[in-house]
Amino acid sequence: MTEETLLEAAEKMEKAVGVAKEDFAGIRTGRPSPATFNRIVAEYYGTPTPINQLASFQVPEPRMVVISPFDKSSLQAIERAIRDSDLGVNPANDGNIIRVVFPELSEDRRKEYVKVVRSKAEDGRVSIRNIRRHAKDTIDKAVKAGDISEDEGRRAQDELEELTHKHVAEIDELLRHKESELLEV
């Protein structure tokens, strides 16, 4: 019973860390990456489709991404989706490929991104704490019902605390890395 609860909590905490990682990847730094485009969706034959499924991405220069659509008919839709996104860039279309040049980030913009990253990290921590609270309630109910002994319940709660600290530390490490990446000029 306690092992199941702890395994489920660990699984959910891993997912919370994964979500934080994805959120951090979506926040652009001075150098672009294909992950910057992961959340952008284009209308393709009437269906909203992530553009990373419609094209390949190359980064030939430090601030440029070249997007090559697999199907040339999707070129306009991809360009429109990028232009309408919150990236703040203006894609250039030459009929075969799309070039996206990212401007240099100003100091103020970098600080704004750091605030966003900290907020997303806190969201991840809150999510992990909620998972811990739910698992702790499950363990407490099992102790009250007599399904497990108080000692076993205490051990399970100690393991749960270790799990929580480990995953919160992972998010903190991701946050430190992303902050340093954002603030380097």
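Read on for a plain summary of the structure.

Conventions and cut-offs
Residues numbered from 1 in each chain as written. Predicted model: local features only at pLDDT ≥ 70, side-chain atom pairs only at ≥ 80, totals over all residues. Heavy atoms only, no water. Helix = DSSP H or I, 4+ residues; strand = E, 2+ residues; numbered from the N terminus. Rg over C-alpha atoms; globule rule 2.2 N^0.38 Å. Buried < 20%, exposed > 50% of the residue type's maximum accessible area, 1.4 Å probe, protein only. Contact = heavy atoms within 4.5 Å. Areas by Shrake-Rupley, 256 points an atom, 1.4 Å probe, with all protein chains shown as cover. Phe/Tyr/Trp six-rings, centres within 6.5 Å; stacked < 30°, edge-to-face > 60°.

**Brief notes about the overall build of the protein chain**
For step 1, the next point in the chain: In terms of regular secondary structure, the protein chain is built from 4 helices and 6 strands.
For step 2, the next point in the chain: Along the protein chain, helices and strands appear, N-terminal first, in the series α-β-β-β-β-α-β-β-α-α.
For step 3, the next point in the chain: A compact globule built from 185 residues would reach a C-alpha radius of gyration of about 16 Å, whereas the protein chain, at 22 Å, exceeds it by more than 25%.
For step 4, the next point in the chain: Its C-alpha atoms give the protein chain principal-axis dimensions of about 70 × 40 × 20 Å.
For step 5, the next point in the chain: Looking at the protein chain residue by residue over its 185 residues, the buried ones come to 40%.
For step 6, the next point in the chain: Pairs at least 24 apart in sequence give 62% of the contacts found in the protein chain among residues at least 6 apart.
For step 7, the next point in the chain: In the form shown here, the protein chain has an accessible surface area of approximately 10800 Å², with 50% of it arising from carbon and sulfur atoms.

**Here's the deal with the packing of aromatic side chains**
For step 1, the next point in the chain: By the definition in use, this model includes 3 aromatic pairs.
For step 2, the next point in the chain: With a centroid separation of 5.3 Å and 25° between ring planes, the pair formed by phenylalanine 37 and phenylalanine 57 is classed as stacked. Placement of phenylalanine 37 in the loop between α1 (2–26) and β1 (41–44) and of phenylalanine 57 in strand β3 (residues 55–61) is noted, with a sequence separation of 20 residues between them. In this pair, the class of phenylalanine 37 matches that of phenylalanine 57, namely buried.
For step 3, the next point in the chain: Judged by centre distance (4.7 Å) and plane angle (70°), the ring pair of tyrosine 44 and tyrosine 45 falls under edge-to-face.
For step 4, the next point in the chain: Among the residues examined, tyrosine 45 registers a relative accessible area of 67% and is labelled exposed.
For step 5, the next point in the chain: Connected via pairs of aromatic rings, a cluster forms that spans Phe37, Phe57 and Phe102.

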